[in-house]
Amino acid sequence: MNVKITLPDGSVKEFPQGVKGIEVAQSISEGLARNALSIEVNGEIWDLSRPIDKDSSIKIFTWNDKGGKYAFWHSSAHLLAEALEALYPGVKFGIGPPIENGFYYDVDLGTQTFGDDELAAVEKKMVELARLNNPFVRRDVTKAEAINYFKAKGDQYKLELIDGLQDGTITFYQQGNFVDLCRGPHIPSTGPIKAVKLLNVAGAYWRGDEKNKMLTRIYGITFPKQKELEEYLHLLEEAKKRDHRKLGKELELFAFSEKVGAGLPLWLPKGTILRERLEQFMRKAQIRAGYEPVVTPHIGSKQLYVTSGHYEKYGKDSFQPIHTPDESEEFLLKPMNCPHHCEIYKVKPRSYKELPIRYAEFGTVYRYEQSGELHGLTRVRGFTQDDAHIFCRPDQVKEEFVKVIDLVLMIFKALQFDSYTAQLSLRDPENKQKYIGEDELWDKAEREIQEAADERGLKTVAVKGEAAFYGPKLDFMVRDALGRSWQLGTIQVDYQLPQRFELEYVGADNQKHRPVMIHRAPFGSLERFVAVLIEHCAGNFPLWLAPEQFAVLPISEKFNDYAKEVVDKLKEGDIRGFLDDRDEKIGRKIRDAEMKKVPFMLIVGEKEVLENKVSVRKHGEGDKGAMGLDEFVTQFKTDFRMPG
């Protein structure tokens, strides 16, 4: 009996039932077979050695594909575990998944300390084991067999994982002497793993629960070539220089205080200017696009979020209710702005002629994140969204969605985010209880998002399980200057909240109808957006955004009066900066301004005073020559004004 295999180009080949992925690759070309690492079968990544028993659509993955790297780094996590077990008999294992760049394994090393010397020894062992070229062998096991194996081994973490699995769905993988509980997929053997680097060690509570034991999480990355590892490590060094936490401190943008609380950023004056400029930019764009500003409280009645569904989905893992002296009252810190905007929509009857209605708010929301998950501005407990909600008729959904896409792309262009992909985030069809609403409306919303993206020529990548609980969305995945991917803008179609809040409008037929809601946040979290922007431009912000656009540097105190006149003239022109009148040599002042990444340094001495000029230096570029003060102001305001 044969099976039909559909290739990515749409062509169909027939093979005997049970054909393996590697055999399909060989039928295409020997070169592909040599480089193949894994195979996608009907949307699921498999080992190349697994038999295919029914008609299937397939893709063969190499190192150049995301699916290839996924299997490569998953296998590398098992190689790390094998090395640890060889060096530390009795070590116990939690989970070891691949991640976006590399992998990690959570392990219990008992009383063993683990530092740089230990990392180096494990690295060396991993390379030694990889050279054995041991195959990764998959084996189906019964639940009883799995339990017996890990009981004998004394690994309580694996036993806990097995407890949640159904008999008939459990598989082991083995390479060399190491056996692990695992679904896969894996690469054919350890041989392709040529270059290894263990990056760092962190603490991680077992299963993410602070009540459980703290395990040792070992992060690593591997490559098929040493040169690729060296290039990646160079990229890591660049990333360290650009780290928004480091630059945020050096440039005096934001800070954190233990007394204020973990994950609650304090915006310093310069950071506040940066943030306000972004808000001004967005407000101007929103006014042109027909949005109306609104403001809502930082707290809301618990019942508001019960109605919206947020309490059911997130209540247990969020900040707990606030109680007042009145026992009948319960409030929550606002986790979302959308329920508040629904209530604004309801303040009066609506007609079809009013729609679409677009409400916009820079609304601060609060979500509890475990302390171990907090990370600078990218993962905080209090953050501001450039949130807006569009209430429209069903026939207006596509047009409004397209307009929001245009707004997002305008923002990316203004901030020089030139590389991005559009991710169509869908619900998980195997886990529908995570979501609310009827299948028909979900299908309709997903179709409308795809049509809007097609109309703007966006190439979309569909990802299941990434939808919001109330609707699918289009997420913009932006690549920064170092090639890292960040989720920034998001647009969501929602048929559910208008039902839950009983929103209505009177149609042309004089009957009541339900509006559709579009959620939209081009920046997403303002905190996260600023963090990504800092790292993308290494703190060298576009001039219109820079908190300090100039520094006036008098050569000596004799020229301080003229320098003050220059500062006043610039500030009259709404140009931001400062006077450095310290009793320091001009070389030191220039060096300090360069370190602060001030875009322009205006040096004044005797010649500049006599000619009513300034000597201009540009950050990172050096001397630009002398220029009349009025000329500089005019050119500055013309060339570096806020986009739009």
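The structure this text deals with has already been given above.
The rules behind these values
- Residues numbered from 1 in each chain as written.
- Predicted model: local features only at pLDDT ≥ 70, side-chain atom pairs only at ≥ 80, totals over all residues.
- Heavy atoms only, no water.
- Helix = DSSP H or I, 4+ residues; strand = E, 2+ residues; numbered from the N terminus.
- Buried < 20%, exposed > 50% of the residue type's maximum accessible area, 1.4 Å probe, protein only.
- Contact = heavy atoms within 4.5 Å.
- Areas by Shrake-Rupley, 256 points an atom, 1.4 Å probe, with all protein chains shown as cover.
- Lys, Arg positive; Asp, Glu negative; His and termini not counted.
- Charge placed at Lys NZ, Arg CZ, Asp CG, Glu CD.
- Salt bridge = Lys/Arg side-chain N within 4 Å of Asp/Glu carboxyl O.

Further remarks concern the overall build of the protein. A tally of regular secondary structure across the protein gives 20 helices and 35 strands. With the C-alpha coordinates of the protein rotated into their principal frame, the extents come out at 90 × 75 × 60 Å. Within the protein, the fraction of its 644 residues that count as buried is 50%. Contacts in the protein between residues at least 24 apart in sequence constitute 67% of all its contacts with a sequence separation of at least 6. Working note: accessible area of the protein is about 31,500 Å², and carbon and sulfur atoms make up 48% of it. Separation between the mean location of the 92 positive side-chain charges and that of the 100 negative ones in the protein comes to 2 Å.

Moving on, we get to the pattern of salt bridges. For the structure on display, the rule yields 41 salt bridges. Here Glu 279 ties to Arg 283 by a salt bridge, and the two come within 3.0 Å at their closest N and O atoms. Of the two residues, Glu 279 and Arg 283 are both situated in helix α9 (residues 269–288); the distance of 4 residues between them amounts to about one turn of the helix. The class of Arg 283 is partly exposed, set by a relative accessible area of 38%. Between Glu 455 and Lys 398 there is a salt bridge whose closest N-O contact spans 3.2 Å. Note that Glu 455 is positioned in helix α14 (residues 439–455) and Lys 398 in helix α13 (residues 397–414), a separation of 57 residues in sequence. By relative accessible area, Glu 455 is classed as partly exposed at 45%. Counted as one network, the salt bridges with shared partners bring together Arg 275, Glu 279, Arg 283 and Glu 527.

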